[in-house]
Amino acid sequence: MARSIGRRLVLAAVGAGALPAWGQAVLAASADGSIDQAPPMPMPEQSIAERLSRYVATIAYADLDEATIEAAKSHLIDAVGCGIAAHEEAPVRACREVALAVSGGVSTVIGTARRTTPDLAAFANGAAFRYYDMNDVYVGREPGHPSDNMTACLAVAEAEGCNGRDLILAMAIAYEIDCRLMDAAELTSRGWDHPIYSLPASALAAGKLMRLAPAQLVEAVNLAINGHIAMNQTRMQVLSDWKGIADADAARNGVFAALLARRGMTGPSPIFEGNAGVFKQVSGPFELDTDQFGGRSGSFRIKDCGIKLYPAQGGALTAIPAAVRVAKEAGDLDQIASIEIATTKFAYLTAGKEPEKWAPETKETADHSLPFIVARAMLDGDITNDSYSPSAIRDPKVRALMRKITVKPDDALTALSPKALPNRVSATLSGGPTISCQVEALPGFRGMPMQRADFEAKFRKNVAKRLQEDKVARALACLWDLEHQDDLSRVLDTLVIRA
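Please read these numbers as outputs of a predicted model, since none were measured by experiment.

Engineer: I'd love a proper account of the overall build of the protein, names of residues and values included.
Structural biologist: Broken down by element type, the protein carries 21 helices and nine strands. Computed over C-alpha atoms, the radius of gyration of the protein comes to 22 Å, within 12% of the 23 Å expected from 2.2 N^0.38 for 499 residues, which places it in the range of a compact globule. Each principal axis of the C-alpha atoms in the protein carries an extent, and together these give about 70 × 60 × 40 Å. Burial analysis of the protein (499 residues in total) assigns 60% to the buried set. Restricting to contacts in the protein with at least 6 residues of sequence separation, those with at least 24 account for 77%. When the accessible surface of the protein is summed, it comes to about 18,900 Å², and 52% of that surface belongs to carbon and sulfur atoms.

Structure representation (structure tokens):
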């Protein structure tokens, strides 16, 4: 007899407007998809890059509501904590050493008192923020991690002598653009990776801090996107260090594009609608109505972003408490004959289909493996950063339990996304009964918001090995009071790790 337990949380509802006539023309342009056979595309009155740039040029701090300001500070605290926790990990250290090889810079590499160029600081800090896969998540038609764009904002804000209000506005802009693009079109099933959307987000946020004119902002978008399209091989088969670096590289390229645009450099256009642009080559056509963006008639998307309770791929998060509950009810795990994980189509394709997910050899593969995450959670009752140590990955007990696991996509669960990230874990015991638990969402997501105390608890847990308590208290005080900080370098000084 099956026993079932579950809980529900609704994430950000998303949708796209009706396809415009010029977008429909793209779909019908060529039966075989060849560029040469496509007729010239009818152009809209304003390109997407122009509309995004106009939005960025005209939005001001006064357009931010109190909830958006609080969300920006909360997500910054969360991401910084994740970065401090990963300070000594080998890929993070490698990126930091590359960045600091350039002396005499103006942007701080977090955790140190040293500075480098804005683009390299964004890169090094982004590698740290992302390493443990525990920073925030947004689920539109394409999922992603918009806090990865924060490092571009931090680096440029410090370099330009901006204040905390400028930084908060830039972060809200980066989130808004990244999330609205993730709402508009999926990339994963077409073979591309979500850092593509971080390119215009980071370029425009950086450009806002540099006070670029609208025409320069357009060129920053053109330059950022054209040369840096990210392939989804990053998240397929055996996952490499680059899985945690890809969005850091997007932030670096976004900052660099804004710097070039400030000096008068132009880029390929129209970058989205052109005959060999993003629509044709990457995403398919879509529309963006910037009049519906935050600060206009819509709500800022940063308020719809989730905070991770566990270091794992977003699609696998709800499988962790489900697995823990099933293991607790089962008692003796040796009595389990088989385990089935029912999940969304996205999570199946990215974390439960490939054979490498049953034999992970790297942390990057393990934290994107539903079989490993479920087996480790059942054995330990939790998933932490230590769950991906070499010994934990190669543990004979976890490998034996993984051999009992199958993963399948479930249409009913897929239909719940992107409003939820559901997983169902079912264990059949040797005697015949099945224990089943379905979890659809977690605290930290829309509908179950975390409070300041929750953010502080996660921050303290992440930085405990790196920062003394008095420094933690000073850092939190400065970050919660960010809108009143006029010297961002002093704020970053509170995060220096002493040997």
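Past the structure itself, the notes keep going.
Engineer: Break down unusual backbone geometry for me, citing the residues and quoting the values.
Structural biologist: For the bond from serine 269 to proline 270, the omega torsion is -5°, close enough to zero to count as cis. The topology assignment puts proline 270 in the loop between helix 10 (246-262) and helix 11 (278-283). Despite not being glycine, aspartate 133 shows a phi value in the positive range, around 55°. Tracing the chain through its elements places aspartate 133 in the loop between helix 5 (118-130) and strand 4 (138-139). Judged by relative accessible area, which is 0%, aspartate 133 ranks as buried. Within the chain, arginine 211 stands out as a residue other than glycine whose phi angle is a positive 60°.

Engineer: Explain the environment of arginine 211 to me, using residue names and the numbers behind them.
Structural biologist: Here arginine 211 lies in the loop between helix 8 (195-209) and helix 9 (214-226). You can call arginine 211 exposed: its relative accessible area is 58%. Spatially, the C-alpha atoms of arginine 211 and glutamate 160 are 9.6 Å apart, while their sequence positions differ by 51 residues. If we ignore the near neighbours within four places in the chain, the residues touching arginine 211 are Cys162 and Asp166.

Engineer: Could you give me a rundown of helix 15 (residues 370-380), with the residues and numbers involved?
Structural biologist: Burial of helix 15 is extensive: nine of the eleven residues sit out of reach of the surface. Of the residues making up helix 15, those classed as buried are Leu370, Pro371, Phe372, Ile373, Val374, Ala375, Arg376, Ala377 and Met378. The backbone nitrogen of phenylalanine 372 has a side-chain oxygen 3.1 Å away, supplied by the residue at the start of helix 15, namely serine 369. Two residues or fewer after helix 15 comes glycine 381, characterised by a positive phi angle close to 75°.

Engineer: Could you give me a rundown of the packing of helix 6 (residues 150-159) against helix 8, with the residues and numbers involved?
Structural biologist: Direction vectors running N to C along helix 6 and helix 8 enclose 20°, while the axes themselves pass 9 Å from each other. Relative to helix 8, the element helix 6 is oriented roughly parallel. Helix 8 is crossed by helix 6, and the crossing has right-handed handedness. Packed against helix 6, whose contacting residues are Ala152, Cys153, Val156 and Ala157, the element helix 8 presents Ser202, Ala205, Ala206 and Leu209 at the interface. For the contact of helix 6 with helix 8, a count of residues per class yields seven nonpolar, one polar and no charged.

Engineer: Provide a residue-level description of the side chain of serine 107, including the pertinent values.
Structural biologist: With respect to the secondary-structure elements, serine 107 resides in strand 2 (residues 107-108). Side-chain polar atoms of serine 107 contact the backbone oxygen of alanine 155, separated by 2.7 Å. Beyond its immediate chain neighbours, meaning those up to four positions away, serine 107 contacts Arg114, Arg115, Thr116, Thr117, Pro118, Ala121, Ala155, Glu158 and Ala159.

Engineer: Give a description of the nonpolar core that names residues and reports values.
Structural biologist: The biggest cluster of nonpolar side chains holds 98 residues, and the ones touching the most others in it are Met171, Phe272, Phe286 and Leu495. Not counting residues up to four positions away in its chain, the partners in contact with methionine 171 are Ala72, Leu76, Met150, Cys153 and Leu482. Of all hydrophobic cores here, the second largest spans 44 residues; its members include Tyr310, Val326, Ile336 and Ala427.

Engineer: How would you sum up the pattern of salt bridges? Please name residues and give values.
Structural biologist: Overall, the coordinates contain 33 salt bridges when judged by the stated rule. Two residues, lysine 458 and aspartate 78, come together in a salt bridge whose shortest N-O distance is 2.8 Å. One end of the pair, lysine 458, is in helix 19 (residues 452-463); the other, aspartate 78, is in helix 3 (residues 66-85), and 380 residues separate them in sequence. This pair shows no difference in class: lysine 458 is buried, exactly as aspartate 78 is. The partner of glutamate 329 in a salt bridge is arginine 325, and the shortest N-O contact between them spans 3.5 Å. Here glutamate 329 and its partner arginine 325 are both found in helix 12 (residues 319-330), four residues apart, which amounts to about one turn of the helix.

Engineer: So what's going on with the state of the cysteines? Residues and values would help.
Structural biologist: Tallied over the full model, the rule gives zero disulfides. With no disulfide of its own, cysteine 179 lies 3.8 Å from the sulfur of cysteine 305, the closest cysteine sulfur. Overall, the relative accessible area of 6% leaves cysteine 305 in the buried class.

Engineer: Could you give me a rundown of the pairing of strand 8 (residues 423-429), with the residues and numbers involved?
Structural biologist: Of all seven residues in strand 8, six are buried; the element is thus mostly enclosed. Note: strand 6 (residues 336-343) against strand 8, seven bridges, orientation antiparallel. Across the sheet, residue isoleucine 341 finds its bridge partner in strand 8, namely valine 425. Two successive antiparallel strands, strand 8 and strand 9 (residues 434-439), enclose a turn made up of four residues, where glycine 432 displays a positive phi of approximately 120°.

Engineer: Could you give an account of the packing of aromatic side chains, with specific residues and numbers?
Structural biologist: Within the structure shown, the criterion is met by six aromatic pairs. Measuring from ring centre to ring centre gives 4.8 Å for phenylalanine 279 and phenylalanine 286, while their planes differ by 65°; the resulting arrangement is edge-to-face. On the accessibility criterion, phenylalanine 279 (1% relative accessible area) is buried. What makes phenylalanine 286 buried here is its relative accessible area of 3%. When the ring of phenylalanine 372 is compared with that of tyrosine 388, the centres are 6.0 Å apart and the planes differ by 35°; the resulting orientation is tilted.

Engineer: A description of the pairing of strand 9 should follow, citing residues and the corresponding values.
Structural biologist: Taken across its six residues, strand 9 has five buried, putting it largely inside the fold. In the sheet, strand 8 pairs with strand 9 via six bridges, with the strands oriented antiparallel. Note that in strand 9 the partner of serine 426 across the bridge is serine 436.

About the criteria used
- Residues numbered from 1 in each chain as written.
- Predicted model: local features only at pLDDT ≥ 70, side-chain atom pairs only at ≥ 80, totals over all residues.
- Heavy atoms only, no water.
- Helix = DSSP H or I, 4+ residues; strand = E, 2+ residues; numbered from the N terminus.
- Rg over C-alpha atoms; globule rule 2.2 N^0.38 Å.
- Buried < 20%, exposed > 50% of the residue type's maximum accessible area, 1.4 Å probe, protein only.
- Contact = heavy atoms within 4.5 Å.
- Areas by Shrake-Rupley, 256 points an atom, 1.4 Å probe, with all protein chains shown as cover.
- Polar contact = N/O pair within 3.5 Å; in protein donor to acceptor, adjacent residues only side chain to side chain.
- Axes fitted to C-alpha atoms, helices over the stretch in contact; angles between N-to-C directions.
- Parallel < 35°, antiparallel > 145°, perpendicular 65-115°, else oblique.
- Left-handed = near helix turned anticlockwise from the far one by under 90°.
- Nonpolar A, V, L, I, M, F, W, Y, C, P; charged D, E, K, R; others polar.
- Core = buried A, V, L, I, M, F, W, Y, C linked by side-chain atoms within 4.5 Å.
- Salt bridge = Lys/Arg side-chain N within 4 Å of Asp/Glu carboxyl O.
- Disulfide = S-S within 2.5 Å.
- Pairing = 2+ DSSP bridges.
- Phe/Tyr/Trp six-rings, centres within 6.5 Å; stacked < 30°, edge-to-face > 60°.

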